[in-house]
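Tertiary structure, described
Okay, here's what each chain looks like letter by letter:
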Amino acid sequence: MWPISINEIKRLQIELTTFCNADCPSCERRNYTIENDAIYVKPLNNSEISLKNIKEWLPLDKFHSLREIHFCGNVDEPTLHNELISICKYLKDFDVWISTNGGTKNRLFWTELAKLKNVLVIFGIDGLEDTNHLYRQNVKWKKLEDNYTTFIREGGNAAWQFIVFEHNKHQIDICRDLSVREGFKWFNTVYSTRENHEVEAVPKDREKNKCIRCKATYDNKELKESFYIDALGTVWPCCWMATNYQSNVVAKQIGYRFGHYLSHNLKYDSLENIVQGDMFAFLWKNLSKFEVCNTHCLHNISDTITWHGM
Ligand SMILES: C[S@@+](CC[C@H](N)C(=O)[O-])C[C@H]1O[C@@H](n2cnc3c(N)ncnc32)[C@H](O)[C@@H]1O
Ligand code: SF4
Ligand code: SF4
């Protein structure tokens, strides 16, 4: 059986939509191909999780330890979801984190969002006006600047997240100082371990673990005790296993031994049944056989994220 039940999880990570306005070169949205023999198919730009789904799928009364709900998927721009504000209001008893490229919508939206005191918006700003667009392609600096200043001026809680690349590393301190002046409450740096295209990430070494220790099942800075729900409503232990590529590697290893492959989808079963069911038990027993688990939770090849409070 999976070792963590829903009354023990501290965090839920949710991919609200398959839409995004930007075109970051190392995002999995780039070169997103669906192979002919794919078992698990999640096309881009065609689905989202509605407020109605959230109300039906999340048993709020059973989450005795849940504190944080993070809207941050593998392919989503959560601020494009047209019910985001209603969803955050519905989840008023939890800390809601929203990761965004910051380049969407208008002042009215950011002013409304700023009123929600349970919300923290993590703006992905990888440099300044002359560098941000080199990675955050399609994000217009003036719009981004207008959005974060509106949000902060209207009382919103904001964090500045900075992915360190060769082309922006000289701007870390300038951005950190600017983030203080602009009223961000946090500044964090990300050292990426992705295969980066068009841009060059600054490497950071990480120590390998002695054996696989599933980061979704204990208290740690990366995942905490958590589950990941993708934009189709499929439940995974973590976002790493839910990528287009890894979900299919895992799907092929599992095959159809639990009947139809979508046995871990919230349209077919409850969150409680899914995580206590056969499929998650199988995952738990076989973590060492999955490439993704060896990469992230044995070799520890994961982004290094460091938060600096103000
Ligand atoms: C796919 S994005 C979805 C949320 C939102 N669209 C955004 O970009 O913040 C999920 C996370 O991946 C981060 N990310 C994007 N490109 C990255 C890269 N090359 N290396 C590390 N993290 C990256 C984003 O900053 C965000 O925190
Ligand atoms: S903004 Fe986020 S989801 Fe959109 S392309 Fe960039 S990393 Fe991917
Ligand atoms: S990669 Fe595997 S071992 Fe690591 S958190 Fe995800 S499911 Fe757990």
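Look above for the structure.
Criteria and cut-off values
- Residues numbered from 1 in each chain as written.
- Chains lettered and ligands numbered in written order.
- Predicted model: local features only at pLDDT ≥ 70, side-chain atom pairs only at ≥ 80, totals over all residues.
- Helix = DSSP H or I, 4+ residues; strand = E, 2+ residues; numbered from the N terminus.
- Near = placed C-beta within 6 Å.
- Nonpolar A, V, L, I, M, F, W, Y, C, P; charged D, E, K, R; others polar.
- Buried ≥ 20, exposed ≤ 12 C-beta atoms within 10 Å, placed from the backbone.
- Arc of directions from axis to C-beta.
- Pairing = 2+ DSSP bridges.

1. With respect to unusual backbone geometry
Positioned with a positive phi, Asn45 is a non-glycine residue whose angle comes to about 55°. As for its placement among the helices and strands, Asn45 is situated in the loop between strand E1 (11-14) and helix H1 (51-57). In this structure, Lys224 takes a positive phi of about 60° despite not being glycine. Position of Lys224 among the secondary structure elements: in the loop between strand E6 (186-191) and strand E7 (226-229).

2. Some words on the site of ligand 3
Taken together, 14 residues form the shell around ligand 3, and within it Cys214, Pro237, Cys238, Cys293 and Cys297 come nearest. Of the residues belonging to the shell around ligand 3, the class tally is twelve nonpolar, one polar and one charged.

3. Structural notes on helix H7 (residues 244-254)
Of the residues making up H7, those classed as buried are Asn244, Gln246, Ser247 and Val250. Buried residues of H7, viewed axially, fall in a sector of 170°; they line one side. Backbone geometry just downstream of H7 places Gly255 in the positive-phi region, at approximately 60°.

4. A short note on the site of ligand 2
For ligand 2, the full set of nearby residues is Cys20, Ala22, Asp23, Cys24, Cys27, Arg29, Val75, Asp76, Glu77 and Asn101. Counted by class, the shell around ligand 2 contains five nonpolar, one polar and four charged residues.

5. Section: the sheet that holds strand E3 (residues 95-100)
Read across the open sheet, the nine strands follow the order E8-E7-E1-E2-E3-E4-E5-E6-E9; overall the sheet is mixed. Every interior strand has two partners, whereas the edge strands, strand E8 (235-236) and strand E9 (304-309), have only one. Alignment of E3 against strand E4 (residues 119-124), held across five bridges, turns out to be parallel. Its bridge partner being in E4, Ile98 is matched across the sheet by Val121.

Read these as geometric descriptors, not functional statements.
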